[in-house]
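Descriptive structure summary
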Amino acid sequence: MPAWCSKSTRTDPRSLLHALCMALLMSGAAQSTAQPTLGSGGGLGSEPRFLPMEEAFRWSVSRDSDRQISVRWEIAPEYYLYREQFHFSLAGNEARLSAELPDGVNHHDDYFGDVQVYYDSVRATLTLPDRHSGPLDLQIRFQGCAEAGLCYPPHRETVTVQP
């Protein structure tokens, strides 16, 4: 009998069973809280659960002036966006809009090689070729991954930006 069992636990089978169950529960709780997960999932021995793209990379657009637009992403912990995968254009015109982006973090990727990525948040400042006083349709493309190994396909969306 283990030394931590009292004399009554050693002689009463129900007490011994209760003590063993409590020890198992305590060790299982400690192990499951130590298991890293992404998103809402996982426990001991489970695969990580990944956030939907819309939750991993939340973004918003604001009109700064008649020649400038800002696009800002809030990036979930343990996820990142590729600097080189941003593409901005106006609907009906595939020419890229000029975008100012901060330097990213150097990262080696098995598919893209040496790249820069963004963690936490990033803001792109877009300069329009001409003054636009009315609404315009902005096409946005970006791509990101989870540190645990899932890469999302490139995301494309068109959003109407009001003056």
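Check the entry above for the structure.
Predicted, not measured: the structure shown is a model, and the values here were computed from it.

Focus on the sheet that holds strand 3 (residues 79-82)
The strand order across the open sheet built from 4 strands is 6-7-3-10, with neighbouring strands paired in antiparallel fashion. Either end of the sheet is taken by a strand with one partner, and the two such strands are strand 6 (105-109) and strand 10 (144-146). Between one strand axis and the next, the sheet turns by 45° as a mean value, whatever way the strands run. The pairing of strand 3 with strand 10 spans 3 bridges and is classified as antiparallel. Its bridge partner being in strand 10, Tyr79 is matched across the sheet by Ala146.

Some thoughts on the sheet that holds strand 4 (residues 87-90)
In space, the 3 strands of this open sheet follow the order 4-9-11, with antiparallel pairing throughout. Looking at strand neighbours, the two that pair on one side only are strand 4 and strand 11 (155-161), the edges of this open sheet. Between one strand axis and the next, the sheet turns by 20° as a mean value, whatever way the strands run. Alignment of strand 9 (residues 136-142) against strand 11, held across 7 bridges, turns out to be antiparallel. Paired with Ile140 across the two strands is Glu157, which belongs to strand 11.

Some words on the packing of aromatic side chains
Across all of its chains, the model carries 13 aromatic pairs by this definition. Considering the side-chain rings of Phe57 and Phe142, the 6.5 Å spacing of their centres and the 75° angle between planes classify their relative orientation as edge-to-face. Of this pair, Phe57 sits in strand 1 (residues 57-65) while Phe142 sits in strand 9, and the two are 85 residues apart along the sequence. Residue classification places Phe142 among the buried positions, given a relative accessible area of 1%. Judged by centre distance (5.6 Å) and plane angle (85°), the ring pair of Tyr80 and Tyr82 falls under edge-to-face. With relative accessibility at 2%, the residue Tyr82 sits in the buried group. Three or more aromatic residues joined by ring pairs form one cluster here, namely Phe57, Trp59, Trp73, Tyr79, Phe86, Phe88, Tyr118, Phe142 and Tyr152.

Regarding the nonpolar core
Of all hydrophobic cores here, the largest spans 28 residues; its most connected members are Phe57, Trp73, Tyr79, Phe86, Phe88 and Leu138. Elements supplying a minimum of two residues to this core: helix 3 (53-56), strand 2 (68-75), strand 3, strand 4, strand 8 (121-127) and strand 9. Dropping the residues within four chain positions of it, Phe88 is found in contact with Val71, Trp73, Ala95, Arg96, Leu97, Ala99, Ala124, Leu126, Gln139 and Ile140. One finds Tyr80, Tyr82, Val117 and Cys145 within the second-largest nonpolar core, a separate group that totals 5 residues.

Overview of unusual backbone geometry
Residues apart from glycine generally show negative phi values, whereas peptide bonds are mostly found in trans. At Glu78, a residue that is not glycine, the phi angle is positive and equals roughly 70°. Inspection of the secondary structure puts Glu78 in the loop between strand 2 and strand 3. On the basis of relative accessibility, which here comes to 44%, the residue Glu78 falls in the partly exposed class. Here the phi dihedral of Asp120 falls at roughly 70°; this positive angle occurs in a residue that is not glycine. Take Asp120: it is sitting in the loop between strand 7 (113-118) and strand 8.

What about the pairing of strand 4?
Of the two faces of strand 4, both are covered, the one formed by His87 and Ser89 as well as the one formed by Phe88 and Leu90. In the sheet, strand 4 pairs with strand 9 via 4 bridges, with the strands oriented antiparallel. Bridge pairing links Phe88 to Ile140 in strand 9.

Conventions used here
Residues numbered from 1 in each chain as written. Predicted model: local features only at pLDDT ≥ 70, side-chain atom pairs only at ≥ 80, totals over all residues. Heavy atoms only, no water. Pairing = 2+ DSSP bridges. Helix = DSSP H or I, 4+ residues; strand = E, 2+ residues; numbered from the N terminus. Axes fitted to C-alpha atoms, helices over the stretch in contact; angles between N-to-C directions. Phe/Tyr/Trp six-rings, centres within 6.5 Å; stacked < 30°, edge-to-face > 60°. Buried < 20%, exposed > 50% of the residue type's maximum accessible area, 1.4 Å probe, protein only. Core = buried A, V, L, I, M, F, W, Y, C linked by side-chain atoms within 4.5 Å. Contact = heavy atoms within 4.5 Å.

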